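Observations on chain architecture
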Amino acid sequence: MTARRSAPTVLPCAIDPQSWDIDEGSYRAGRDAQRECFRCPRLAACRAEVAKMIAAGDLPRSMIWAGVAYRHEGTAVATDRELRVYYNRVEGQRAIERGSAA
Ligand code: SF4
């Protein structure tokens, strides 16, 4: 008799990690990443992990984790408007670094 194995779940953030990095992706990619988190089978576990890390003072930085975006200093982005502002600021910084800022 052979044991039946289920296929391992490939997590969305492992397939496209750049979209979960809010210093790399775009506003649209970030919003899509948040939606993927809310459908993810690991959402509850992720929420527990990030809560444990924050309680220990180890803040998530520049990422989306369990559907929440965290700025590079570790504070959560609370609203859609704040998320747009963050991505606009990051894009402006990238433009400066490329030497293409207006
Ligand atoms: S809930 Fe966690 S494991 Fe799932 S996509 Fe989001 S960050 Fe990745």
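What counts, and where the lines are drawn
- Residues numbered from 1 in each chain as written.
- Predicted model: local features only at pLDDT ≥ 70, side-chain atom pairs only at ≥ 80, totals over all residues.
- Helix = DSSP H or I, 4+ residues; strand = E, 2+ residues; numbered from the N terminus.
- Rg over C-alpha atoms; globule rule 2.2 N^0.38 Å.
- Buried ≥ 20, exposed ≤ 12 C-beta atoms within 10 Å, placed from the backbone.
- Contact = placed C-beta atoms within 7 Å.
- Expected span 1.5 Å × (residues − 1).
- UniProt positions renumbered as here; feature names shortened; annotations may be inferred.
- Core = buried A, V, L, I, M, F, W, Y, C linked by C-beta atoms within 7 Å.
- Near = placed C-beta within 6 Å.
- Nonpolar A, V, L, I, M, F, W, Y, C, P; charged D, E, K, R; others polar.

We now examine the overall build of the protein. Counting secondary structure elements, the protein contains four helices and two strands. Overall, the protein shows an N-to-C arrangement of helices and strands of α-α-α-β-β-α. Here the C-alpha radius of gyration of the protein, 16 Å, is well above what a compact globule of 102 residues would show, namely 13 Å. When the backbone C-alpha atoms are referred to their principal axes, the protein occupies close to 70 × 30 × 20 Å. Out of the 102 residues in the protein, the part that is buried amounts to 17%. Restricting the contact set of the protein to residue pairs at least 6 apart, pairs at least 24 apart contribute 46%.

Relative to the 27 Å expected for 19 residues at 1.5 Å per residue, helix α4 (residues 80-98) spans 27 Å between its end C-alpha atoms, a close match to the ideal helical length. One or two residues past the end of α4 sits G99, with phi positive at roughly 80°.

It is worth spelling out the UniProt feature "domain: 4Fe-4S Wbl-type" (unreviewed entry) in the protein at this point. According to UniProt, the positions carrying the feature "domain: 4Fe-4S Wbl-type" (unreviewed entry) are residues 12-75. With 47% helix and 9% strand, residues 12-75 has end C-alpha atoms that lie 23 Å from one another.

Judged by nonpolar contacts, C13, W20, I22, A33, C37, V50, M63, I64, W65, A66, A69 and V77 together constitute the single largest core of twelve residues. Every element with two or more residues in this core is listed here: α2 (27-39) and β1 (63-65). Among the elements that take part in this core, β1 stands out by supplying three residues, more than any other. Here M63 is in contact with W20, D21, I22 and Y70, once residues within four sequence places are set aside.

All right, on to the site of the ligand then. As a matter of local geometry, the ligand sits amid L11, P12, C13, E36, C37, C40, R42, L43, C46, W65 and A66. For the shell around the ligand, the elements supplying multiple residues, two or more each, are α1 (12-15), α2 and α3 (43-55). Partitioning the shell around the ligand into residue classes produces nine nonpolar, no polar and two charged.

Moving on to unusual backbone geometry. Here the phi dihedral of S62 falls at roughly 55°; this positive angle occurs in a residue that is not glycine. With respect to the helices and strands, S62 occurs in the loop between α3 and β1. Judged by the 17 C-beta atoms lying within 10 Å of it, S62 is partly exposed. You will see that A66, though not glycine, has its phi angle at about 55°, which is positive.

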